[in-house]
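As a plain string of letters, each chain reads:
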Amino acid sequence: MDYETPQFFRVMQYAAGTDRDVVDMVSGNPDWEPPAALREGLCEYADGDPERFQYPPSVGLTALRSEIAERRGVDRSRVVVTNGAGEANHLATTGALDRGSGTEIVMTDPVYPYYAGRANLLDADARYVPVADDGQLDPAAVREVASADTAAIVVNTPNNPTGAVYPPETIEALVDIAEDCDAVLVADEVYDHFDFTGDFESALAQESDRVVATNAFSKSMAITGFRVGYAVFPPEAGPLGGMVERARTRHMLTNVTGSRPAQAAVLRALRETPPEYYERNRQRLRERIDAFTDALDAAGAEYTTPQGSFYVLARFDEFPGTMANVERLIDEAGVAGMPGEAFGESHADWLRFALVTPRADEAADRLTDFFA
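Throughout this document, residue positions are counted from 1 along each chain, in the order its sequence is written. Local features are withheld for residues below a pLDDT of 70 in this predicted model, meaning they are given only at 70 or higher, and side-chain atom pairs are given and counted only at 80 or more; totals for whole chains, interfaces and linings count all residues. The side-chain figures draw on all heavy atoms in the structure; neither hydrogens nor water molecules are used.

1. A closer look at the pairing of strand β13 (residues 351-354)
Then, number 1: Note on exposure labels: buried denotes an accessible area under 20% of the residue type's maximum, exposed denotes more than 50%, and partly exposed covers the range between, all computed with a 1.4 Å probe on protein chains only. The secondary structure listing takes helices from DSSP runs of H or I that are at least 4 residues long and strands from runs of E that are at least 2 residues long, numbered from the N terminus. Residues of β13 alternate between two faces, with Leu-351 and Phe-353 on one and Arg-352 and Ala-354 on the opposite face, all of them buried.
Then, number 2: Relative to β13, strand β12 (residues 338-339) is paired through 2 bridges, and the arrangement is antiparallel. Its bridge partner being in β13, Pro-339 is matched across the sheet by Leu-351. Between any two strands, pairing holds if DSSP finds at least two bridges.

Spelled out as structure tokens, the structure:
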């Protein structure tokens, strides 16, 4: 599979260029309101002193890093605030390769395309492990692929695109594999607030110096444009302690720093947003998933029921998940999704739909009419 050019923007550009109304189910941009405290924090920030409009610390506002560290149960020195989870994952992956212990990156199939694209960009050797039909990852299959040449094992839970939530015993087994192979487990946990099972547990709970956990506030606070994420690196005193210092340097040389107003607003929202905000959004998604999958039943489709995140994979008879068929759905049904082939070979016959649109019911009706 060629991951050189991620296909998300190609699909969105095609949809934007059509002459009919199209329901966008391509991107993971939440359609609900951000926390009220975040809006209030931005307004208050705009009236601040001029010094608040200058560079923040390169690694992130100290108060924000402290808040993250307290919530994650780690020392603040391990936290680097990044420009979204994308940069956090980049710093983690490059850091794993920099160690020189291997040149391979082990990923799942299907895989979030940016992980695979990053492996290509870094000239790493990509190895893929197909997941089970329910999206779960078998650690035994990972162990068969991992070796002394493995630099990193990259996982995402709750998962995009399968919606699987890996249980703690899976993460524990992956940590064991990383330790045995002198590798790093990079755990992207950006959908942690969208766990519908109650089973999600951060990889940091394993208390291993082989784990880098990455995250962002893009999805949980509905602020994908703010680009505030973070990575929690292994302790500086441990065997992989050099990773965090290299990450700080690479982050500074690439970005200088991140957005001070965005970080300040996120900090206020973290401190003041009640749990009910997140639960309302989970319930919103539960209802959309139920309605959308009911429509897929009516259309005769096979589909996944996500345990977490907000994506549904669907397979229709004699309609594989190619870019050509995605374009046909846009033209003839007015629904834009992602081709399964963009996520790897194992789900090339599937289509992925993001349920972060208030028009999800309308999209379901259009799909039912198209495939009826």
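2. What about the sheet that holds strand β8 (residues 229-232)?
Then, number 1: The strand order across the open sheet formed by 7 strands is β2-β8-β7-β6-β5-β3-β4, and the pairing between neighbours is mixed. Lying at the two open borders of the sheet, with one neighbouring strand each, are β2 (79-82) and β4 (125-130). Sheet twist, expressed as the average angle between the axes of neighbouring strands with direction ignored, equals 20 degrees.
Then, number 2: Where strand β6 (residues 184-188) and strand β7 (residues 211-216) come together, 4 bridges link them in parallel fashion. The partner of Asp-188 across the bridge, within β7, is Thr-214.
Then, number 3: Seen against the sheet, helix α5 (residues 113-121) touches β3 (104-109), β4, β5 (150-156) and β6 and runs at an angle of roughly 160 degrees to β3. Convention adopted: a line fitted to C-alpha atoms gives each axis, helices being fitted over their contacting stretch, and angles between N-to-C directions are expressed from 0 to 180 degrees. Only heavy atoms enter the contact rule, under which two residues are in contact if any of them lie within 4.5 Å.

3. Overview of the packing of aromatic side chains
Then, number 1: Under the pairing criterion, centres of Phe, Tyr and Trp rings, with the six-membered ring standing for Trp, must be within 6.5 Å; the plane angle then separates stacked pairs below 30 degrees from edge-to-face pairs above 60, leaving the rest tilted. On inspection of all chains with the given rule, the structure shows 19 aromatic pairs.
Then, number 2: Measuring from centroid to centroid gives 4.9 Å for Phe-370 and Phe-371, while their planes differ by 90 degrees, and the two rings are edge-to-face.
Then, number 3: Through a chain of ring-to-ring contacts, three or more aromatic side chains come together here, namely Phe-8, Tyr-112, Tyr-114, Tyr-115 and Phe-343.

4. Things to note about the side chain of Thr-368
Then, number 1: Tracing the backbone shows Thr-368 in helix α12 (residues 360-371).
Then, number 2: What makes Thr-368 buried here is its relative accessible area of 19%.
Then, number 3: Leaving out residues up to four positions away in the same chain, Thr-368 has contacts with Ala-295, Ala-298 and Ala-299.

That's the geometry; what it means functionally is another story.
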